[in-house]
Every structure is written in structure tokens, then in C-alpha cells.
Amino acid sequence: MLRNWQSHSDYQQHLIQRLSAYDQKEKSRLRELDKAISKLYLLNLDNLLPIIKPLYPDFGRPAKNQQGIIRSLTLMLDQQEHSITKWAKKVQHDQLLFDICGFDSDKAPGVGSYYDLLWRLWLASHKKLLKRIRNLRPFSPKPNKRFKPNQKLPNKHPGIVRKLVNRTIKCKLPDFRPEKILQEFLARCLVDTSAQMGLLGDTSKLSVAFDGSSYNSGASHYGTKVCDCHSKGIYNCTCPRHFSDPEATWGWDSYRNQWFYGSTLFTVTASDSPYDLPIYMRIVQANRHDSVTTIFALRDIHSIYHNLTFKHFIADGAMDNYPTYDLLKHYNMIPFIALDSRSKLKFDYPHPDILCFDNKGKTYMPRWYPLSKLGLQ
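Residues numbered from 1 in each chain as written. Predicted model: local features only at pLDDT ≥ 70, side-chain atom pairs only at ≥ 80, totals over all residues. Heavy atoms only, no water.

> Teacher, can you tell me more about the overall build of the protein here?
Summing up its helical and strand segments, the protein has 14 helices and 10 strands in all. Along the longest, intermediate and shortest principal axes, the C-alpha atoms of the protein span 70 × 70 × 45 Å. Counting over 377 residues, the protein shows a buried share of 42%. The long-range share in the protein, meaning contacts at least 24 apart out of those at least 6 apart in sequence, stands at 67%. Roughly 21,900 Å² of accessible area belongs to the protein as shown, and the carbon and sulfur atoms make up 53% of that amount. Between the centroid of the 54 positive side chains of the protein and the centroid of its 35 negative side chains there is a distance of 8 Å. (Helix = DSSP H or I, 4+ residues; strand = E, 2+ residues; numbered from the N terminus. Buried < 20%, exposed > 50% of the residue type's maximum accessible area, 1.4 Å probe, protein only. Contact = heavy atoms within 4.5 Å. Areas by Shrake-Rupley, 256 points an atom, 1.4 Å probe, with all protein chains shown as cover. Lys, Arg positive; Asp, Glu negative; His and termini not counted. Charge placed at Lys NZ, Arg CZ, Asp CG, Glu CD.)

Quick look at the structure:
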């Protein structure tokens, strides 16, 4: 069960009281951690309680320090430490870091408490993940095919976007998101606060940009061989082997014009924000086409942000397809999409309700479509 959730105002008051005791003896460290302390002082976790509470049963030993662990992980990344084991031990022996995190106990939690919370935040079976790591997978060498500059990797499943759009409109699109809690964390604790502060722009007609970027894996694409081909003098075998990152695949980075091994970080950004603040993030396989991920992202942002109205959709040529336009019309969004480089540009390009741009920034649109509806006049 989850222990009492300390309010953000109580944490702020407790933090001020504790930091006053360090004003003389560790004044230099307070200056070094000034920005980090300000981040945690403003990080309001009150809205996270309805999201975290269902992850714990109503019986058993009370779980404590959940808020402190979240602040501790935030502080860990701010201090550019990426080992939870090292960080947990450091906080246990540093009273200042302990007080900044605001733990609700006399001692800092151990490493196991950190991982226990992270496993609960990730809505996928840890046993299945370990099984996938142990299972053998076929070896996939680096592709040799090259594409033209700025050319996207073709969709490996033609017609899949139309099928997904039809299911989305009928509210039958599968909603499997292991990162759902983390997306809610981003929405309730950061994006909602930014919207209230006016950092996102006009929330009644928000402009959002959709795009994916390469996310290289730290694992080797060669994997670990378990066959005996090496003893037989066969060094270039393609036998199944173990891979430490079972989700990593080969993908094409159209910006750098090169293949990469890893995943794709798909981001939805508030375009009217002067700080380019992200409101939605999702990690998908590198070989998945951005047009497929866009369908899920559109559904997700409308289900997560009931307090925002999305008006303008901005994307590159990967989303230049009729099913996406139909879905945007369903959501009452106006698309601003670059033309696909594979399309033959004509003045009568039959895009429905859309303002189009070619690779030189020239505008094309149906003559009957009023500019006033786009908000350009």
C-alpha cells in the first residue's frame, strides 16, 4: 500500500527549513546546486498521486519515499549521474542531498527501492523482458542500401496507415503503452504547469509538431554468439544469438543520411512555445515508419490532454498521405505538412483541406480553401 502523500507546499517549507541550516557550513555547495534545488522546489508532484496510487495494493507494508525517489532520480540526471546504484549510495552518505530530495524517513532508500518504483512505473512484464533477452534472435547485418539525401525509409507495411486510421476513428486502436505512467507524469507535473504559466502558447488553438529522431542503442548489433561456427573456421555466420537490447533494430536516419542501430524517439512539441517544450514522447523501433507512430501519437495526446485544444498539425513528408489527412479532419486539426519527396509536385495537387510546402518553401493549396480558416489573414 502507498503511504501518505506529502503535499508540495509541505515539501517546500521543509526544504527551506533544512537548507537554512547549511547556509553557513556548506554555502559553496548550495551555490553549486542552486539550479538543481530550484528545479525540485518547483516540481509539483501533487497531481501524480491519482496516477501512482493504483500501482500499489490496499494492503501490505506501506511504501514510503516514493516522492523522494522521484526527486532523487531527477537530481541524479541533473548531476549527470547515470548509475542508480552509485547514486543511491551517494545520497545515503550525503545529508545535503538527502534533505534536497525530501525523503519521508530517517534513512535514504536503498538501490532496491529505486528499481521497485521504476518497475511499477513501466507497465510491462519484467519477466517477459528478461525472457526476450535470453531468447535467441536471428542476426541482422547492417543494410547496404543507400537512400537519397532527406529521403525517408519506405513503410514496410503498405496500407497499414489506412487500417490504423480506420480503427482510430472507430475507437478500436490498441492502447498498449508501457510508458503510459511516464507520459502521465510529463503531462500532469510539467506540461499542465507550463500551460498555466503561458509557456505553451494559446491552449485554445495549440500548434504541435510531430517528428522522430534517431536514438542509438548502447548495445552491440553483433550480439553474443552461442554457436560453434568459430571453431569450424566459419567467422561470418548468421546463426541466432543473444542480444542485450532486444528492442533495437536497424533504422535509416534521413537527416544524417546513415543507418543507425537502436530506436526512434518520437516527440510532439508545442510549436508556439519559445522554448520548444515537448508534450509527448514515445520510444519505438527504429524500423517503424513515422507515419505509423503519428497515428498512435494523435490518439494519445487527445486522450491525455483534455484541457488542451490542438488546432495546427506540423510535420515533414513522412506524414504526407491521405489517411493522415482524414484523421486530422476527424480531430478538427489543420495540417501543415511538407510534400513527400517521392510525389510529383503539381499545382492541382489534390490534398484535402491542407496548406502544402515544397522543398524550397513555396506554398501550394486548393484555390477554394479560404486563408481565413487557416488563421493567416
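> Explanation requested: the packing of helix 5 (residues 66–78) against helix 6 (residues 84–92) in the structure shown.
Each packed pair of helices is defined by two parameters, the angle between the axes and the distance between the axes. It is the contact of helix 5 with helix 6, at a shortest axis distance of 11 Å, that shows an interaxial angle of 110 degrees. Between helix 5 and helix 6, the angle is such that the two are roughly perpendicular. In this structure, helix 5 uses Ser72, Leu73, Leu75 and Met76 to contact helix 6, whose residues at the interface are Ile84, Trp87 and Val91. Looking at the contact of helix 5 with helix 6 residue by residue, the classes come out as 6 nonpolar, 1 polar and no charged. (Axes fitted to C-alpha atoms, helices over the stretch in contact; angles between N-to-C directions. Parallel < 35°, antiparallel > 145°, perpendicular 65-115°, else oblique. Nonpolar A, V, L, I, M, F, W, Y, C, P; charged D, E, K, R; others polar.)

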